[in-house]
Structure formats: structure tokens, C-alpha cells
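In case you want the letters, here they are:
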Amino acid sequence: MIISVASGKGGTGKTTIATSLALCWKEGLFLDCDVEEPNAHIFLKPHIHERISVGIPVPEVDESKCSFCGKCAEVCEFNAIVVIKKKVLFFPELCHGCGGCSYICPEKAIKEVEREIGVVERGRSGKIDFIHGILNVGEPMAPPLIRQVKRHINSGTNAIIDASPGTSCPVVEAVKRSDFCLLVTEPTPFGLNDLKLAVEMLRKLTIPCGVVINCADIGDEKVQKYCKDEDIPILMTIPWDRRIAEAYSKGIILIDALPEFKNRFSQLYGKIERLYKR
Ligand code: SF4
Ligand code: SF4
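The rules behind each value
- Residues numbered from 1 in each chain as written.
- Chains lettered and ligands numbered in written order.
- Predicted model: local features only at pLDDT ≥ 70, side-chain atom pairs only at ≥ 80, totals over all residues.
- Heavy atoms only, no water.
- Buried < 20%, exposed > 50% of the residue type's maximum accessible area, 1.4 Å probe, protein only.
- Helix = DSSP H or I, 4+ residues; strand = E, 2+ residues; numbered from the N terminus.
- Near = heavy atom within 4 Å.
- 1 Å grid on protein atoms, 1.4 Å probe; cavity = no way out; pocket = protein on both sides within 12 Å on 5 of 7 lines; lining within 4 Å.
- Sits in = over half its atoms within 2 Å of the grid points.
- Nonpolar A, V, L, I, M, F, W, Y, C, P; charged D, E, K, R; others polar.
- Core = buried A, V, L, I, M, F, W, Y, C linked by side-chain atoms within 4.5 Å.
- Contact = heavy atoms within 4.5 Å.
- Salt bridge = Lys/Arg side-chain N within 4 Å of Asp/Glu carboxyl O.
- Axes fitted to C-alpha atoms, helices over the stretch in contact; angles between N-to-C directions.
- Parallel < 35°, antiparallel > 145°, perpendicular 65-115°, else oblique.
- Pairing = 2+ DSSP bridges.
- Patch = residues over 30% accessible without salt bridge, like charges linked within 9 Å, V, L, I, M, F, W, Y side chains within 5 Å.
- Areas by Shrake-Rupley, 256 points an atom, 1.4 Å probe, with all protein chains shown as cover.

J.: What is the right way to read helix α1 (residues 14–23) from this model?
T.: Think of an α-helix as 3.6 residues a turn; residues three or four steps apart then line up on the same face. Judged by how many residues are buried, α1 sits mostly within the fold: nine of 10 residues are covered. If you check which residues of α1 are buried, you get Lys14, Thr15, Thr16, Ile17, Ala18, Thr19, Ser20, Leu21 and Ala22.

Given below as C-alpha cells:
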């Protein structure tokens, strides 16, 4: 089963939930797909044994062969290549590496070269195989790196995917094809607003979901009401507890800091499994 852990908004405790859930497994795969700001390694402390550079193919124009016909610029949906008189300008940060320009070029003046966008690191944390992606600073192309992280999922393997917060392209890339998505939220107007957006996204992707409400004793009851109205199961509530915040600040996994939560996370996993098999 592949479980993604997401949240419409940042700072809800998504990684706290994902890492504690992973520790309930005898073995499995943990994928940190929050490639712009991966932090699960701080808690799981994996021993990294492999580092793989990830790039996308980008065009390199040989102007000695170029007729400056402009066809490459016409085909580029992202305005990453522009032809001005006798010059071809290329903007690497806009290029999605689709290969359209080199395919269309009538003079075969474009060859593809690799541009590094980040790295994938693989390691082991106890009985968990750990993989995360680290996007280069300032690099906007997160989805290709997320795809490379997810390439390591084998059929039949239990995997937890820690997605980035929000509902943008990197989140869609991280959660798509998961069997179940756990949405972590908090009972505040911002939490509710972003939860609604995340639920809409998952419905479009036809991924079943459930909710964990963190800091459940602050805020109001509107998240509960929304979940009831929309028939979304609330699978766990966690009260505000200073000890949880302290454990997080020290890079300690919640169920290691507060072992009384271990049973609750095992039950959470059981609930997800039952919903998935239903
Ligand atoms: S399509 Fe090829 S020949 Fe035409 S402008 Fe682009 S690089 Fe030059
Ligand atoms: S590879 Fe695709 S995105 Fe990049 S410049 Fe060529 S057409 Fe544009």
C-alpha cells in the first residue's frame, strides 16, 4: 500500500505524522518528496549509502547549423527558447525538458544536454528504506526530481510519501498514484480553507483520503463539521502538547519522545488499511 501524507498548508505537523507512521511498520519505504525542503531525514536519521544526480534534458543550439526559422520557439509552450533575428536565446529555468524543440528543428541544430536539477539520496533507517530528493537552490523544476524519488517504489512494497504542503504541481506529482492520502490539518480558518483545496485536488485525482487534526483542542469545530458534511473520516486527533513541539525542535520522532502515542499510530495505520480494502 502506498500512503501519501499531505497538508493543504505548511506547519501542520505533516512530517511528524509521516515519520511516526513509518516507524509502526516492520519494514517499508519512506519517500520524502518535499524536495524543496526535505526534513524527514532529521527525524529518521538514515545512513545514506547512495547519491544520484538528477537532471533534465535541455536544448543546446549549434548556431552554425541554425537557419533561425523560429520553429523551436513556436513549439515551446514555456517560452524557454526565443529566436531574435540571428540569435537563439535559451532560458534554462523555464525549460521543462520536453524535447519538443529538438524534435521539431528542421536543421538538426539542437542537441539535448543534461542540466542537473538536484540529487536523490538513498539510505537505511532501521528497517526502513529511506529515499529523498534535494532540489538545487533556486531550481523551479521539482516534479522531475519527485518522479525520480518515486521511481524506487516497487509493486507490493509498503511506502509512505511525505509530500510538500499546498496543492501545486509538486504536491500533485508526489501524491498521484498513491492508494490513500492522509491529510494533516489544524482546526483554524486557514487550516480549513487549505484542507478544502487539498480535498478537491484528491477528488480530481480519485485518491481516497482521511484527516488527522493536529492541535485539535485549539481553534474551532469547523474542520470536524466540514469532514462530517463531506463524509471524510477523521482518523486521528492530536491535542496541542508542548512535549510534541519540543520533540520536533530536537529532531525526535513523536512516538520515540512520547511512546504512549505508539499504539495510536498503529491504530491509525490499521484504520487506513481497512479504508483502503473497503
Ligand atoms: S528550429 Fe532549429 S533551425 Fe529553427 S531556429 Fe530553432 S534551432 Fe534554429
Ligand atoms: S525542451 Fe521543451 S520546454 Fe525546453 S526549450 Fe525545448 S520545447 Fe521548450
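Now that the structure has been shown, the text picks up again.
J.: What exactly am I supposed to notice about the site of ligand 2 here?
T.: Neighbouring ligand 2 are the residues Pro59, Cys76, Phe78, Ala80, Phe90, Cys95, His96, Gly97, Cys98, Gly99 and Cys101. Applying the majority rule of atoms within 2 Å of the grid points places ligand 2 in the largest cavity. Across the shell around ligand 2, the residue classes tally to eight nonpolar, three polar and no charged.

J.: Mind showing me how you'd approach the nonpolar core here?
T.: Buried together is how nonpolar side chains tend to be arranged in soluble globular proteins. Counting residues in hydrophobic clusters, the biggest one holds 53 residues, and the most contacted among them are Leu31, Val175, Cys181, Leu183, Leu195 and Leu202. Sort the elements by how many residues they give to this core and helix α7 (residues 189–204) lands first, with six residues. For leucine 202, the residues in contact, after removing those within four places along its chain, are Val175, Cys181, Leu183, Ile207 and Cys209. Leu21, Ala22, Phe180 and Met236 belong to the second largest nonpolar core, which has 32 residues in total.

J.: Help me understand the pattern of salt bridges, please; the structure alone is not making it clear to me.
T.: Pairing between side chains of opposite charge can happen when their charged atoms approach one another. All told, the structure shown has 14 salt bridges when counted by the stated rule. Aspartate 162 is the salt-bridge partner of lysine 14, the closest N and O atoms lying 2.9 Å from each other. Placement of the pair is lysine 14 in helix α1 and aspartate 162 in strand β8 (residues 159–162), with a sequence separation of 148 residues. Residue classification places aspartate 162 among the buried positions, given a relative accessible area of 0%.

J.: What am I meant to see in the site of ligand 1 here?
T.: Neighbouring ligand 1 are Val61, Cys66, Ser67, Phe68, Cys69, Gly70, Cys72, Val83, Cys105, Pro106, Glu107 and Ile110. Put simply, ligand 1 lies in the second largest cavity. Looking at the shell around ligand 1, its residues break down into nine nonpolar, two polar and one charged.

J.: Explain the packing of α1 against helix α11 (residues 262–277) here, please?
T.: Angle between the axes and distance between the axes are the two parameters that describe a pair of packed helices. Put simply, α1 and α11 touch, their axes get as near as 9 Å, and they point 90° apart. Put simply, α1 runs roughly perpendicular to α11. Touching Ile17, Ser20 and Leu21 of α1 are Phe265, Leu268, Tyr269 and Ile272, all from α11. Looking at side-chain class alone, the contact of α1 with α11 contains six nonpolar, one polar and no charged residues.

J.: What is the right way to read the sheet that holds β8 from this model?
T.: The strands that make up a sheet are held in pairs by hydrogen bonds between backbone atoms, and each pair lies either parallel or antiparallel. Taken together, the nine strands give an open sheet; going across it, the order is β3-β6-β7-β2-β8-β1-β9-β10-β11, and neighbouring strands pair in mixed fashion. Looking at which strands have only one partner, the edges of the open sheet turn out to be β3 (47–61) and β11 (234–238). Put simply, the sheet's adjacent strands are angled 20° from each other on average, direction ignored. Lying over the sheet, α1 contacts β1 (2–6), β2 (28–32), β7 (128–135), β8, β9 (180–185), β10 (209–214) and β11, oriented at roughly 170° with respect to β8.

J.: How should unusual backbone geometry be read in this particular structure?
T.: Backbone phi values are negative for most residues with the exception of glycine, while trans is the configuration of most peptide bonds. One non-glycine residue, threonine 206, lies in the positive phi region at around 50°. Here threonine 206 lies in the loop between α7 and β10.

J.: How do you make sense of a nonpolar patch on the surface when you look at a structure like this?
T.: Nonpolar side chains collect at one region of the surface, where Val75, Tyr103 and Ile104 lie side by side and expose about 310 Å² of accessible area between them. Along the chain, the position of isoleucine 104 falls in helix α4 (residues 100–104). The exposure class assigned to isoleucine 104 is partly exposed, which follows from its relative accessible area of 35%.

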